[in-house]
Amino acid sequence: MDYSGAPLLDTPASMIRLTLFLAIILLCASHTGMARQSDLTKPIDVSADSSEFDEKAGVQTLTGNVRITQGTMQISADFIAISLKNNALSKIEGRGSPIRFVQENEAGELMQGEASKITYDAISGTLVLEGTASLSQPRQSLTSEKITFNAQTQKVSADGGGEQGRVSIQIQPPNAGK
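These notes cover the structure that comes with them. Just so it is clear, the model here is predicted, and its values are computed rather than measured. (Residues numbered from 1 in each chain as written. Predicted model: local features only at pLDDT ≥ 70, side-chain atom pairs only at ≥ 80, totals over all residues. Heavy atoms only, no water.)

**Brief notes about the overall build of the protein**
Within the protein, the regular secondary structure consists of 1 helix and 10 strands. Ordered by position from the N terminus, the helices and strands of the protein form the series α-β-β-β-β-β-β-β-β-β-β. Buried positions account for 39% of the 178 residues belonging to the protein. Surface summary for the protein: the accessible area is close to 9600 Å², and the carbon and sulfur share equals 49%. (Helix = DSSP H or I, 4+ residues; strand = E, 2+ residues; numbered from the N terminus. Buried < 20%, exposed > 50% of the residue type's maximum accessible area, 1.4 Å probe, protein only. Areas by Shrake-Rupley, 256 points an atom, 1.4 Å probe, with all protein chains shown as cover.)

**Digging into the environment of Arg-166**
Note on placement: Arg-166 falls in the loop between β9 (155–159) and β10 (168–171). Judged by its relative accessible area of 68%, Arg-166 falls in the exposed class. Separated by 23 residues in sequence, Arg-166 and Thr-143 have C-alpha atoms that sit 8.5 Å apart.

**Thoughts on the pattern of salt bridges**
Applying the stated criterion to the full structure yields 2 salt bridges. Note that Glu-114 and Arg-100 form a salt bridge whose closest N and O atoms lie 3.1 Å from each other. Of this pair, Glu-114 sits in strand β6 (residues 110–121) while Arg-100 sits in strand β5 (residues 88–104), placing them 14 residues apart in sequence. A relative accessible area of 40% places Arg-100 in the partly exposed class. (Salt bridge = Lys/Arg side-chain N within 4 Å of Asp/Glu carboxyl O.)

**Quick notes on the pairing of strand β7 (residues 126–137)**
Where burial is concerned, most of β7 is hidden: 9 out of the 12 residues are buried. Connecting β6 to the next strand, β7, in antiparallel fashion are 4 residues, including Gly-125 with a positive phi near 70 degrees. The pairing of β7 with strand β8 (residues 140–150) spans 10 bridges and is classified as antiparallel. Residue Ala-133 lies in a different strand from β8, and its bridge partner there is Ser-144. What sits between β7 and β8 in their antiparallel hairpin is a turn of 2 residues, with Arg-139 showing a positive phi close to 80 degrees. (Pairing = 2+ DSSP bridges.)

This is the structure:
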């Protein structure tokens, strides 16, 4: 079914899928510095140039200038696809030039992330940011070609992407900015 022109979250299932997506982004952000927990109680607003739900394939696709907000969290992308398998979240993929997310932590400090592509595998609990990926918050940042976060093990790994690629980490001293 084509939902172009219709509300993007017109069914409880699509709301659940989007909530899970946002929870994953929050999980990634909270790993690096405690995301604002009150954002989870805020309404989710979604806009895009078009939306389509393929009921047979179980895929909700949002394309063109995709904007998702919940409280202080904002996500922007060119494309987001949410896949279901047996009526359960299976995978979320996003692409952008780049795809970006920002959110305030509990201290009101801005946390940011971006990559060309983001993939979340709900079965393995793995979030992968690829293509000039970066995560930053006050006093620390991580930049790499590929950043992988495993929600089950709570481990982050980064890969510079070949012979020339490098992982870059910057950590400010505790008294920096005071």
